[in-house]
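# Structure assessment
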Amino acid sequence: LSPGAKMGCFTFIKVVMIIFNLAIFLGGGALLGVGIWVTVDNQSFVDIFGALSSSVLQVVNVGYFLIVIGAILVVIGFLGCCGAQKDSKCLLITFFSVVLIIFIAEVAAAVVALVYTGLAETLLLTTVGPLLKQKYGADTSFTYIWNVTMNEVHCCGLNNYTDFTDSPWYNTYQTYPAPCCNDLQPCNATLAEQSNFGGSLPRACPHLCGCLRQGCFRQILNEIRTHAGVVGGVAAGIAALEIAAMAVSMYLYCHLDEK
């Protein structure tokens, strides 16, 4: 290529780098803002986004998760955008290094998730399960989120209705949450067991498939597995973008002296 063509190619890639990282920076800022909002007022977040958001809130602390991801994206966007704009080798190599570390961490996390899926599920159950016995009926926000989840996802507890035994709610009212009995009252152990495992179903619940209330954890896992192809596609797309970003930043780094 002629010097002019090389310069034109360099300028084009530089502009693409700036625009791409500006988008990352703005997206990270948006996630950071949402993360702060969820942390401060998660109840309004659930009101707006519904059952999926309430289900996710049971598994991870969405607010802090979004804050961390948003902050990382803001840093990456800043490094990439300023590095390309100012022709800074230091910023470009820092950008490359940060993206490479994240890429390696994602690959490692994917491998661990595939190998230790069963162990991760067990740890999650043993961590989140006790919270139901400690907080349901005592913590207003926690109770509200679980009620929304159970009503919208059509599930009961993390595993089943027994997760609420000895909870503040059960100790106060001597009943299980209404969603565990398909809103039939009084929601005692007998009715909850019929709703969870079949048994002799009440007349108000004539169809077995529409009446069984499985644990929310299994329901959420089933939803994730159902959409595993979409999740895998998104992960592959993100990995491809990261590889492209590293390639572009390294190209600019190597050709700055030839500009």
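The rules behind these values
Every residue gets a number counted from 1 within its own chain, in the order that chain's sequence is written. Totals for whole chains, interfaces and linings use all residues, but because this is a predicted model, local features are given only for residues with pLDDT of at least 70 and pairs of side-chain atoms are given and counted only at 80 or more. Calculation of side-chain values draws on the structure's entire complement of heavy atoms; hydrogens and water are dropped beforehand. Numbered from the N terminus, helices here are DSSP runs of H or I no shorter than four residues, and strands are runs of E no shorter than two. Exposed residues in this analysis have more than 50% of their type's maximum accessible area, buried residues have under 20%, and partly exposed residues fall in between, with area computed by a 1.4 Å probe over protein chains only. Only residues whose relative accessible area exceeds 30% and that form no salt bridge are eligible for patches; like-charged ones are grouped when within 9 Å, while nonpolar side chains (Val, Leu, Ile, Met, Phe, Trp, Tyr) are grouped when within 5 Å. Note on areas: these come from Shrake-Rupley sampling with a 1.4 Å probe, and a residue is covered only by the protein chains present in the view. Salt bridges are identified by distance alone: a Lys or Arg side-chain nitrogen within 4 Å of an Asp or Glu carboxyl oxygen. The term disulfide is used for any two cysteine sulfur atoms that are within 2.5 Å. Here the aromatic set is Phe, Tyr and Trp, taking the six-membered ring for Trp, and pairing holds for ring centres within 6.5 Å; pairs whose planes are under 30 degrees apart are stacked, those over 60 apart are edge-to-face, and all others are tilted.

For V34, the location among the structural elements is in helix α1 (residues 3-40). Relative accessible area serves as the criterion here: at 28%, V34 is assigned to the partly exposed category. Taking the C-alpha atoms as reference, V34 lies 8.9 Å from G70; in sequence the two are 36 residues apart.

With that settled, the discussion passes to a nonpolar patch on the surface. A contiguous nonpolar patch, built from L22, F25, L26 and F78 and spanning about 380 Å² of accessible area, is present on the exposed surface. You can see F25 is positioned in helix α1.

Among covalent bonds in proteins, the disulfide is the one between the sulfur atoms of two cysteines. Taken as a whole and assessed by the stated rule, the structure comprises three disulfides. Covalent S-S linkage joins C156 and C180, the inter-sulfur distance amounting to 2.0 Å. Where C156 bonds to C180 through sulfur, the torsion about that S-S bond is close to 85°, and the disulfide is right-handed. With C156 in the loop between α7 (140-153) and α8 (168-173) and C180 in the loop between α8 and α9 (189-197), this residue pair connects regions lying 24 residues apart in the sequence. On the accessibility criterion, C180 (0% relative accessible area) is buried. Between the sulfur atoms of C181 and its disulfide partner C187 the distance amounts to 2.0 Å. Residues C181 and C187 share a disulfide whose torsion about the S-S bond is about 80°; that sign makes it right-handed.

The next point concerns the packing of aromatic side chains. This model, assessed by the stated rule, comprises six aromatic pairs. Arranged with centres 4.7 Å apart and planes meeting at 65°, the rings of Y136 and F164 form a pair that is edge-to-face. Here the residue Y136 occupies a position in the loop between α6 (117-135) and α7, and F164 occupies one in the loop between α7 and α8, the gap between them amounting to 28 residues. What makes F164 buried here is its relative accessible area of 0%. A centroid spacing of 5.1 Å and a plane angle of 85° characterise the contact between Y161 and Y176, whose relative ring orientation is edge-to-face. A residue pair is termed long-range when its members are at least 10 positions apart, and Y161 in the loop between α7 and α8 and Y176 in the loop between α8 and α9 qualify at 15 residues.

All right, on to unusual backbone geometry then. Among all residues except glycine, the phi angle is most often negative; among peptide bonds, the trans geometry is most common. Here D166, not a glycine, exhibits a phi torsion of approximately 70°, which is positive. With respect to the helices and strands, D166 occurs in the loop between α7 and α8. A relative accessible area of 52% places D166 in the exposed class. The phi angle at Q174 is positive, at roughly 60°, despite the residue not being glycine. Here Q174 lies in the loop between α8 and α9.

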